[in-house]
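Observations on the three-dimensional arrangement
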Amino acid sequence: MSLTPPLPADALAPVDLGHLEHAITLARAARDRGDHPFGAVVVAPDGTVVEGLNSVVTQDDPTGHAETNLVRAAAARLTTEALRGATLYTSTEPCAMCTGAIYWAGIPRVVYALGEDELIRIVQAQEGIPTLALPCREVFARGGRPVEVIGPVLLPEAAAVHDGFWI
Ligand SMILES: Nc1nc2[nH]cnc2c(=O)[nH]1
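Just so we're clear, the structure is a prediction, and the values are computed from it rather than from any experiment. (Residues numbered from 1 in each chain as written. Predicted model: local features only at pLDDT ≥ 70, side-chain atom pairs only at ≥ 80, totals over all residues. Heavy atoms only, no water.)

Re the overall build of the protein chain
On a plain count of helices and strands, the protein chain comes out with seven helices and seven strands. Ordering the α and β elements of the protein chain from the N terminus gives β-α-β-β-α-α-β-α-β-α-α-β-β-α. Scaling as 2.2 N^0.38, a compact globule of 167 residues should have a C-alpha radius of gyration of about 15 Å, and the protein chain matches this with 15 Å. When burial is assessed residue by residue, the protein chain has 49% of its 167 residues classed as buried. Once local pairs closer than 6 in sequence are excluded, the contacts in the protein chain between residues at least 24 apart make up 63%. Of the accessible surface of the protein chain, which amounts to about 8100 Å², a share of 57% is contributed by carbon and sulfur atoms. Averaging the locations of the 11 positively and 20 negatively charged side chains of the protein chain gives two centres separated by 5 Å. (Helix = DSSP H or I, 4+ residues; strand = E, 2+ residues; numbered from the N terminus. Rg over C-alpha atoms; globule rule 2.2 N^0.38 Å. Buried < 20%, exposed > 50% of the residue type's maximum accessible area, 1.4 Å probe, protein only. Contact = heavy atoms within 4.5 Å. Areas by Shrake-Rupley, 256 points an atom, 1.4 Å probe, with all protein chains shown as cover. Lys, Arg positive; Asp, Glu negative; His and termini not counted. Charge placed at Lys NZ, Arg CZ, Asp CG, Glu CD.)

Next up, the structure:
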């Protein structure tokens, strides 16, 4: 479980903070349309922004996590070179499946708001909801190229978007 201490929001560069807040608004949009409350964006070196929302419920797809959907969309829209210079921002730390997708896409930088340990604490109030406790840093550490990871970042809305959802 991640014991990385949270960063204050003002420790981030304003551009990173803006994209992270965008990811959290997408988590809210996913929840509002009936999906699980997760959202993410990829930002390419030229500023192109690709969005991803969780679609587990509306597409009846257990692998429809925000980041996995996003990596597919980004790979379709961006060149390999652009992916290799991109940053992925996500409302919650990527799970092991999504971390694998990010790694295989060659994305070298990830910024997340809510930590996996905090998500598990929220979700575990509910019996029967499965979690996968494997911090993204541990998965990336097994890879053959470095991925910079920044997070968790203290943004109250990142936790608030889960309020009352997992009950
Ligand atoms: N980061 C993240 N964690 C999840 N856990 C369950 N679904 C998701 C998702 O879409 N994104």
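Brief notes about the site of the ligand
The environment of the ligand is made up of Phe38, Asn54, His65, Ala66, Glu67, Thr92, Glu93 and Pro94. One of the side-chain N or O atoms of His65 is found 3.2 Å from a nitrogen atom in the ligand. Coverage of the ligand by the protein chains reaches 89% of its 280 Å² of free accessible surface. Among the residues forming the shell around the ligand, the class breakdown is three nonpolar, three polar and two charged. (Near = heavy atom within 4 Å. Polar contact = N/O pair within 3.5 Å; in protein donor to acceptor, adjacent residues only side chain to side chain. Nonpolar A, V, L, I, M, F, W, Y, C, P; charged D, E, K, R; others polar.)

A few points about the environment of Arg109
Along the chain, Arg109 falls in strand β5 (residues 109-114). Separated by 76 residues in sequence, Arg109 and Arg33 have C-alpha atoms that sit 29 Å apart. For Arg109, the residues in contact, after removing those within four places along its chain, are Asp16, Ala86, Thr87, Leu88, Tyr89, Val147, Glu148 and Ile150. A distance of 2.8 Å separates a polar atom in the side chain of Arg109 from a polar atom in the side chain of Asp16. Of note is the side chain of Arg109, whose polar atom sits 3.2 Å from the side chain of Thr87.

Some thoughts on the pattern of salt bridges
Tallying each qualifying case throughout the model produces five salt bridges. The residue Glu157 makes a salt bridge to Arg28 at a minimum N-O spacing of 3.0 Å. Linking Glu157 in helix α7 (residues 156-160) with Arg28 in helix α1 (residues 14-32), this pair joins segments that are 129 residues apart in sequence. Judged by its relative accessible area of 33%, Glu157 falls in the partly exposed class. Note on Arg28: relative accessible area 27%, which makes it partly exposed. Here Arg121 makes a salt bridge to Glu118, at a shortest N to O gap of 2.7 Å. Of this pair, Arg121 and Glu118 both sit in helix α5 (residues 116-123), three residues apart, roughly one helical turn. Owing to a relative accessible area of 29%, Glu118 belongs among the partly exposed residues under this scheme. (Salt bridge = Lys/Arg side-chain N within 4 Å of Asp/Glu carboxyl O.)

Function-wise, these values are silent; they only describe arrangement.
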